[in-house]
Amino acid sequence: MKAFAMRKIGQTGWIEKEAPVCGPMDAVCKPIALAPCTSDVHTVWSGAIGDRCDMVLGHEAVGEVVEVGRMVNDFKVGDRVLISAITPDWNSYAAQEGYAMHSGGMLSGWKFSNFKDGVFGEYFHVNDADGNLAHLPEGMDLGAACMISDMVPTGVHGAELADIQYGDNVAIIGIGPVGLMSVAASAIRGAANIYAVGSRKNCADLAREFGATHIINYKNGDIVEQILDLNRGPVDKIIIAGGDNDTFAQAIRMLKAGGRIGNVNYLGEGDTVGIPRAEWGCGMGHKLITGGLMPGGRLRSEKLARLVMSGRLHPERLITHRFNGFENVEQALMLMKDKPADLIKPLVLV
Ligand code: NDP
Ligand code: ZN
């Protein structure tokens, strides 16, 4: 089969590869819609997970089932399916402990374009099909459906990790597609003021539509000062969906004692993350820092699909560039790398 791959750190290209083999609990799918992720950019150009040779890229897809294993109950050839970017082993200890995304070792639920070939191939393999696929709801926009792979569950997970409650004043650092979904999720969970940090105008406009009450441009000065000033003091909760290792220091400085930080940002470079000692209450400020890979799985995809179909969540609004034809995944990934001002998220219809 033909596939678009990471050839080595810093290099991508088209390759020929054997089509995947379907195990008894698995499915093989072909893509209907695909999207590149900022994580693919970290993987290829920052070498964030180490080197990979001819690994097929991509983990965001909507697909059609072309083969199922003999133990798969709920999916058959021809079904159109939502596919979670994170595909845990649901019968693992980690899953029983509530951390299925780390089944097989830390971050090991993230298999596509990490431990195995991703979805930018003519065919791709899904482990534990009954646990990791969901039926594509009739009438769902394919852009929205593709965002249920990763952007929606990750953004929502930021709001879960930060434990956004009604009436909370919340800062959301980063309003790319992930942070924008965190804005929408925080609004749904009842946040009061939402301070959304970014610089691109179209992201800021969409953040306002999704529920941000204030837009903070990190290029216009220290975000801590801007947010403390607007909020007249520290915020209750913070979601980090952009920035770098130093962003934690800013987050600690603008968080109240007893507050909570939920990080979903992928820290792709450097050895350490700095925490300012005094502002962390010399270690005693009850400023909780959490960070997580989003949970994958069928139940979550189905619940998020319900939110979309009920009209409460509009992930299709993230799509700024639509392409027709599999070969355009390359161009779409380059857009994700270069982040032109008018881009939020590209989508490729296969
Ligand atoms: P984008 O690059 O599209 O968005 C990043 C955002 O951060 C932009 O709004 C950008 O602003 C802002 N930003 C950049 N630098 C700073 C800074 N110094 N201070 C404050 N804000 C800054 O990324 P995505 O939304 O696609 O993804 C966000 C992160 O989530 C990535 O690291 C991605 O790898 C990760 N991720 C994590 C997953 C998980 O399971 N935890 C799953 C999927 C993705 P500007 O407007 O200037 O661009
Ligand atoms: Zn991703």
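Residues numbered from 1 in each chain as written. Chains lettered and ligands numbered in written order. Predicted model: local features only at pLDDT ≥ 70, side-chain atom pairs only at ≥ 80, totals over all residues. Heavy atoms only, no water.

Novice: I'd like a rundown of the overall build of the protein, residues and numbers included.
Specialist: Of the regular secondary structure elements, the protein holds 11 helices and 16 strands. Here the C-alpha atoms of the protein give a radius of gyration of 20 Å, agreeing with the 20 Å that 2.2 N^0.38 yields for 350 residues. Dimensions of the protein along its principal axes, counting C-alpha atoms only, are 60 × 40 × 40 Å. A burial count over the protein gives 57% of its 350 residues as buried. Long-range pairs, those at least 24 residues apart, make up 72% of the contacts in the protein with a sequence separation of at least 6. Total accessible area on the protein stands at roughly 14,600 Å², and carbon and sulfur atoms take up 50% of it. Charged side chains of the protein number 33 positive and 40 negative; the gap between the two group centres comes to 4 Å. (Helix = DSSP H or I, 4+ residues; strand = E, 2+ residues; numbered from the N terminus. Rg over C-alpha atoms; globule rule 2.2 N^0.38 Å. Buried < 20%, exposed > 50% of the residue type's maximum accessible area, 1.4 Å probe, protein only. Contact = heavy atoms within 4.5 Å. Areas by Shrake-Rupley, 256 points an atom, 1.4 Å probe, with all protein chains shown as cover. Lys, Arg positive; Asp, Glu negative; His and termini not counted. Charge placed at Lys NZ, Arg CZ, Asp CG, Glu CD.)

Novice: So what's going on with the coordination of the zinc ion (ligand 2)? Which residues, and what values?
Specialist: Tetrahedral coordination by four donors puts the ideal angle at the metal at 109.5 degrees, and octahedral coordination by six puts it at 90 or 180 degrees. For the zinc ion (ligand 2), every protein donor is listed as Cys-37 (SG), His-59 (NE2) and Asp-150 (OD), and the spread of their distances is 1.7 to 2.2 Å. Within one chain, the residues donating to the zinc ion (ligand 2) are spaced in sequence as C-x21-H-x90-D. Taken together, the residues span a long stretch of sequence, with Cys-37 in the loop between strand 3 (27-35) and helix 1 (38-45) and His-59 in the loop between strand 4 (55-56) and strand 5 (60-68) at a distance of 22 residues. Residues Cys-37 and His-59 agree in their burial class; the two are buried. (Donors = N, O, S within 2.8 Å, 3.2 Å for Na, K, Ca; no water.)

Novice: Quick rundown of the packing of aromatic side chains? Include the residues and the values.
Specialist: Per the stated rule, a full pass over the model turns up four aromatic pairs. Taking 5.5 Å as the distance between ring centres and 80 degrees as the angle between the ring planes, the aromatic pair formed by Trp-14 and Phe-326 counts as edge-to-face. Of the two residues, Trp-14 is situated in strand 2 (residues 11-16) and Phe-326 in the loop between strand 15 (319-324) and helix 11 (329-338); the sequence distance between them amounts to 312 residues. The class of Phe-326 is buried, set by a relative accessible area of 11%. An angle of 80 degrees between the planes, with centres 6.0 Å apart, marks the rings of Trp-110 and Tyr-266 as edge-to-face. Of this pair, Trp-110 sits in the loop between helix 2 (93-96) and strand 7 (124-126) while Tyr-266 sits in the loop between strand 13 (255-263) and strand 14 (288-291), and the two are 156 residues apart along the sequence. Here Trp-110 matches Tyr-266 in class, with each residue buried. Of the aromatic side chains, those joined through ring pairs into one cluster are Phe-4, Trp-14 and Phe-326. (Phe/Tyr/Trp six-rings, centres within 6.5 Å; stacked < 30°, edge-to-face > 60°.)

Novice: Summarise the sheet that holds strand 14; cite the residues concerned and give the values.
Specialist: The strand order across the open sheet built from six strands is 11-10-9-12-13-14, with neighbouring strands paired in parallel fashion. Each end of this open sheet is capped by a strand with a single partner; those strands are strand 11 (214-216) and strand 14. Pairwise comparison of adjacent strand axes, ignoring direction, gives a mean angle of 15 degrees for this sheet. One ladder, built from four bridges, connects strand 9 (residues 170-173) with strand 10 (residues 194-197); its direction is parallel. Its bridge partner being in strand 10, Ile-172 is matched across the sheet by Ala-196. Sheet strands touched by helix 5 (residues 151-161): strand 12 (235-240), strand 13 and strand 14. Its angle to strand 13, the strand with the most contacts, is close to 155 degrees. (Pairing = 2+ DSSP bridges. Axes fitted to C-alpha atoms, helices over the stretch in contact; angles between N-to-C directions.)

Novice: How would you explain the side chain of Lys-345 if you had to name every residue and give the values?
Specialist: The topology assignment puts Lys-345 in strand 16 (residues 345-349). Relative accessible area serves as the criterion here: at 0%, Lys-345 is assigned to the buried category. In terms of polar contacts, Lys-345 uses its side chain to reach the backbone carbonyl oxygen of Pro-36, at 2.8 Å. (Polar contact = N/O pair within 3.5 Å; in protein donor to acceptor, adjacent residues only side chain to side chain.)

Novice: Account for the sheet that holds strand 1 (residues 2-8), naming residues and giving values.
Specialist: Spatial strand order, 2-1-4: three strands in an open sheet with antiparallel pairing. The open sheet has two edge strands, strand 2 and strand 4, and neither has a second partner. Relative to strand 2, strand 1 is paired through six bridges, and the arrangement is antiparallel. Looking across to strand 2, one finds that Met-6 is bridged to Thr-12.

Novice: Quick rundown of the nonpolar core? Include the residues and the values.
Specialist: Generally speaking, nonpolar side chains in soluble globular proteins are found buried as a group. In this structure, Met-140 and Leu-318 are the most contacted members of the largest nonpolar core, which totals 50 residues. Contributions of two or more residues to this core are made by strand 3, helix 4 (142-147), helix 5, strand 9, helix 6 (177-188), strand 10, helix 7 (201-210) and helix 10 (298-309). The element that contributes the greatest number of residues to this core is helix 6, accounting for six residues. Those residues within four positions of Leu-318 in sequence are excluded, and the remaining contacts are Met-147, Met-151, Pro-177, Leu-180, Met-181, Leu-206, Phe-210, Ile-344 and Lys-345. Among the nonpolar cores identified, the runner-up in size contains 36 residues, and Val-119, Phe-120, Phe-326 and Leu-333 belong to it. (Core = buried A, V, L, I, M, F, W, Y, C linked by side-chain atoms within 4.5 Å.)

Novice: So what's going on with the site of ligand 1? Which residues, and what values?
Specialist: Around ligand 1 sit 28 residues in total, of which Thr-38, Ser-199, Arg-200, Tyr-218 and Asn-265 are the nearest. Contact between ligand 1 and Ser-39: an oxygen atom at 2.9 Å from a side-chain N or O atom of the residue. Here a nitrogen atom of ligand 1 sits 3.1 Å away from a polar atom, N or O, in the main chain of Gly-292. Taking 950 Å² as the accessible area of ligand 1 by itself, protein coverage stands at 87%. Listed by contribution, the elements that provide at least two residues to the shell around ligand 1 are helix 1 and helix 6. Tallying contributions element by element places helix 1 first for the shell around ligand 1, with three residues. Looking at the shell around ligand 1 residue by residue, the class counts come to 13 nonpolar, 12 polar and three charged. (Near = heavy atom within 4 Å. Nonpolar A, V, L, I, M, F, W, Y, C, P; charged D, E, K, R; others polar.)

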